[in-house]
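Chain by chain, the residues:
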Amino acid sequence: MEIIHLTNITSTNDYLLSLKSQEDIVAVSDYQTRGKGMGTNRWESEPGKNLLFSILIHPTWIPVNQQYLLSMAEAVALCDTLREVTDDITIKWPNDIYWKDKKISGTRIDVNLSGGILADMVIGTGINVNQTEFLSDAPNPVSLKQITGREHDKEALLNDILKRFQPLQQMLKDGGTEEIVRLYHERLYRKEGMHGYKDANGTFMAAIDYVEPSGILHLTLEDGTKREYMFKEVATN
């Protein structure tokens, strides 16, 4: 997989989509002027301090309604890479990476469809690596340096992530959907017990049942009521 190193770019996701390449490519940048999180969120990153990269793939073999499986696979790769550095790393649905109750990584996915087929997918990820001061109003950022007290090699982290992601992607191609879902669930943040959530109707306590390959989150409330949510419809409280 080709890796393109950039010094400054608006967004590595936008850059890869603009290439219109049929090859799998990784773009990594020292700084993004308009780094994107999920939805309209922005990703704060001090120049040169963090790992900012996007992966362009062409998963025409996966049903459009199951594209979230690739997000699961990348989240597992991220989680396992960071677990080599520190303890207490989990995946927070839908695709954030947490250290304890703080966010260390976020991912945004953009896709192009062609004739109902998933022609292009760009998985863009930011990992807080060596930044120690965060100025945005993000509620709970944390970096590897803040956790461990030392600087970390961004390129080594990227290489490890890609080394883990590629066989997981192949596993999906080979029909290993259930295994990817299992690996994802094993690493979920708050996967056990009742925890606080909030939706458009207010706050409540619930336990995670499971996450579908489509990305839908299933919760069980204290009274046994079942609820399901798509992205941005519910948040932890």
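The residue numbers shown here count from 1 along each chain, following its written sequence. Residues qualify for local features only when their pLDDT is at least 70, as the model is predicted, and side-chain atom pairs are given and counted only at 80 or more; totals for whole chains, interfaces and linings, by contrast, use all residues. Remark: hydrogens and water are excluded; side-chain values derive from all non-hydrogen atoms of the structure.

Digging into the sheet that holds strand β11 (residues 226-229)
And step 1. Overall, antiparallel pairing links the 5 strands, which are arranged β11-β10-β9-β8-β12 in an open sheet. Where the open sheet ends on each side, the last strands, each with one partner, are β11 and β12 (235-236).
And step 2. Pairing of strand β9 (residues 202-211) with strand β10 (residues 217-221) involves 5 bridges; the strand directions are antiparallel. Within the sheet, the bridge partner assigned to A207 lies in β10 and is T220. Strands are labelled as partners when DSSP assigns at least two bridges between them. Numbering of helices and strands runs from the N terminus; a helix is a DSSP stretch of H or I covering at least four residues, while a strand is a stretch of E covering at least two.

Some details on the nonpolar core
And step 1. Judged by nonpolar contacts, the single largest core of 54 residues is most densely connected at L51, F53, W93 and Y184.
And step 2. By residue number, the principal contributor to this core is helix α2 (residues 68-83), which donates 11 residues.
And step 3. Every residue pair with non-hydrogen atoms within 4.5 Å of one another is taken to be in contact. Excluding residues within four positions of it along the chain, F53 makes contact with T12, V26, A27, V28, E74, L78, I123, G124, T125, I127, L158 and I161.
And step 4. Counting residues in hydrophobic clusters, the runner-up holds 8 residues, among them I9, L16, I25 and A27. To qualify as a nonpolar core, a set must consist of buried Ala, Val, Leu, Ile, Met, Phe, Trp, Tyr and Cys residues joined through side-chain atoms within 4.5 Å. Exposure classes here rest on a 1.4 Å probe applied to the protein chains alone. A residue is buried below 20% of its type maximum, exposed above 50%, and partly exposed in between.

Some points on empty space enclosed by the protein
Empty pockets left among the atoms are what a rolling probe the size of a water molecule brings to light.
And step 1. Whether a set of points on the 1 Å grid over the protein atoms alone is a cavity depends on a 1.4 Å probe fitting there but being unable to get out, while an open set qualifies as a pocket with protein on both sides within 12 Å along at least five of seven lines; lining residues are those with an atom within 4 Å of a point. Grid points are joined across faces, edges and corners, and a volume is the space filled by probe spheres set on the points. On inspection of all chains with the given rule, the structure shows 2 cavities of 30 Å³ or more.
And step 2. Considering only enclosed or pocket space, the second largest cavity measures out at about 30 Å³ in volume.
And step 3. What lines the second largest cavity is L16, L17, K20, S21, L56, H58, N112 and D120.
And step 4. Along the lines of polarity and charge, the residues of the lining of the second largest cavity split into 3 nonpolar, 3 polar and 2 charged. Gly counts as polar in this scheme, as do all residues outside two lists: the nonpolar Ala, Val, Leu, Ile, Met, Phe, Trp, Tyr, Cys and Pro, and the charged Asp, Glu, Lys and Arg.

Notes on the sheet that holds strand β3 (residues 51-57)
And step 1. Spatial strand order, β1-β2-β3-β7-β6-β5-β4: 7 strands in an open sheet with mixed pairing. This sheet does not close on itself; its edge strands, each paired only once, are β1 (2-6) and β4 (89-92). Across the sheet, the mean angle from the axis of one strand to that of its neighbour is 20 degrees, orientation sign disregarded.
And step 2. Bridge count for β4 against strand β5 (residues 96-99) is 4 bridges, and the pairing is antiparallel. Following the sheet pairing, K92 is matched in β5 by D96.
And step 3. Axes here mean lines fitted to C-alpha atoms, for a helix over just the part in contact, with angles spanning 0 to 180 degrees between N-to-C directions. Here helix α1 (residues 12-19) sits on the sheet in contact with β1, β2 (25-29), β3, β6 (102-114) and β7 (117-127), set at roughly 30 degrees to β3.
And step 4. Contacting β1, β2, β3 and β7, helix α4 (residues 154-173) crosses the sheet at an angle of about 25 degrees to β3.

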